[in-house]
Amino acid sequence: MQLTFEGHACFSIQAGNVNILIDPFISGNPHCNKLLTDFTPDIILVTHGHNDHLGDALPLAKRLNIPLVAQFDLLQSLDTPGLDVIGMNTGGRITVKGLEIIMTAAVHGNSLCTEHGCLPAGTAAGFVIKSPAGNVYHAGDTALFGDMATVIARYNIHVALLPIGDLYTMGPKDAVMAAHWLKADYVVPMHYSTFPAIQQDAHNFAAMLESRTACKCIVLAPGQSWTYISPQPEHKPDITPAEGDDR
Ligand code: NI
Ligand code: MN
């Protein structure tokens with residue numbers, strides 16, 4: 001499974017032969033030098049309606065005629081006629097193109113702002129993507145919250161994409177706790193240093209993470225890719241209480 005950090009909270013994930021694009025903030029992203037036409041995903045996931053996450057999702061989904069997965073209430077406020085939208089809500093699980101996609105909670109606001117003002121847009125979300133190549137958790141914009149340890153860790157997270165920018169989301173210390181609670185094998189920090197208000201040193205975060213937890217940190221420069229190789233290629237099931245969590 002190959003992950004490419006496109007800057008901010010945007011990731012391209014190649015899982016098997018499916019190319020997933022999450023939070024496609026391309027236009028106006030100071031850390032993304034690619035053109036919108038450089039992206040040819042098979043599916044787009046959007047965690048919430050803020051501009052730095054919804055980004056170019058609508059025009060891209062329309063041009064490529066691909067599914068757009070987002071929270072149901074957000075989709076009601078968007079102009080989506082003719083688009084292949086999949087509205088879901090927290091705790092829901094769908095199977096698309098051989099991937100299992102679970103919408104998780106995120107502790108954050110959600111609104112949809114245009115030149116005409118801001119509309120409420122339901123709740124913010126995160127996603128767990130389960131594929132035979134590995135299980136990835138994109139936390140979206142969120143505070144640290146206890147259900148990471150209980151609900152989300154059950155999905156057997158190999159790679160956690162966690163915000164560390166502080167101010168609008170959790171900062172580095174809470175992200176270390178999140179990683180520990182999630183029992184993630186790898187953490188990729190995101191949502192930092194895009195703007196002066198969320199400036200962070202990702203290498204300091206990496207040192208803190210690796211000294212305090214069993215997680216490995218992968219710091220990716222915008223545009224950089226990293227390949228996760230699952231130690232067990234077969235699909236790992238969710239951890240249930242009966243099976244324990246001692247993987
Ligand atoms: Ni946000
Ligand atoms: Mn954000």
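Calculation criteria
- Residues numbered from 1 in each chain as written.
- Chains lettered and ligands numbered in written order.
- Predicted model: local features only at pLDDT ≥ 70, side-chain atom pairs only at ≥ 80, totals over all residues.
- Heavy atoms only, no water.
- Donors = N, O, S within 2.8 Å, 3.2 Å for Na, K, Ca; no water.
- Tetrahedral: all angles 85-135°; square planar, octahedral: opposite > 155°, others 65-115°.
- Helix = DSSP H or I, 4+ residues; strand = E, 2+ residues; numbered from the N terminus.
- Salt bridge = Lys/Arg side-chain N within 4 Å of Asp/Glu carboxyl O.
- Buried < 20%, exposed > 50% of the residue type's maximum accessible area, 1.4 Å probe, protein only.
- Pairing = 2+ DSSP bridges.

Novice: I'm lost on the coordination of the nickel ion (ligand 1) in this one. Help?
Specialist: Octahedral metal centres with six donors ideally show angles of 90 or 180 degrees, and tetrahedral centres with four donors ideally show 109.5 degrees. Those protein atoms acting as donors to the nickel ion (ligand 1) are His48 (NE2), His50 (ND1), His108 (NE2) and Asp141 (OD), and they sit at 2.2 to 2.3 Å. Each of the four donor atoms bound to the nickel ion (ligand 1) contributes to angles spanning 89 to 177°, and the resulting shape is irregular. Between the nickel ion (ligand 1) and the manganese ion (ligand 2), a separation of 3.3 Å is found, and both are coordinated by Asp141. Of this pair, His50 sits in the loop between β4 (43–45) and α1 (51–54) while His108 sits in the loop between β8 (99–105) and β9 (111–114), placing them 58 residues apart in sequence.

Novice: Whenever I open this one, the pattern of salt bridges confuses me. Can you help?
Specialist: When their charged atoms lie close together, side chains carrying opposite charge are able to pair. Applying the stated criterion across every chain yields a total of two salt bridges. The partner of Lys34 in a salt bridge is Glu6, with the nearest N and O atoms 2.9 Å apart. Of this pair, Lys34 sits in the loop between β3 (18–22) and β4 while Glu6 sits in the loop between β1 (2–5) and β2 (11–15), and the two are 28 residues apart along the sequence. For Lys34, a relative accessible area of 33% gives the class partly exposed.

Novice: Looking at this structure, how should I read the coordination of the manganese ion (ligand 2)?
Specialist: Coordination sphere of the manganese ion (ligand 2), protein contribution only: Asp52 (OD), His53 (NE2), Asp141 (OD) and His191 (NE2), at 2.2 Å. Sequence spacing of the donor residues for the manganese ion (ligand 2), all on one chain, is D-H-x87-D-x49-H. We classify Asp52 as buried; its relative accessible area is 16%. Overall, Asp141 belongs to the buried group, its relative accessible area being 3%.

Novice: Is there a simple way to explain the sheet that holds β8 in this structure?
Specialist: Taken in spatial order, the seven strands line up as β7-β8-β11-β12-β13-β14-β15 in an open sheet, and their pairing is mixed. Both edges of this open sheet fall to β7 (93–96) and β15 (216–217), since each of them pairs with a single strand only. As defined by bridge partners, strand β12 (residues 134–138) adjoins strand β13 (residues 159–163) across three bridges and the pair is classed as parallel. Bridged to Tyr137 within β13 is Ala160.

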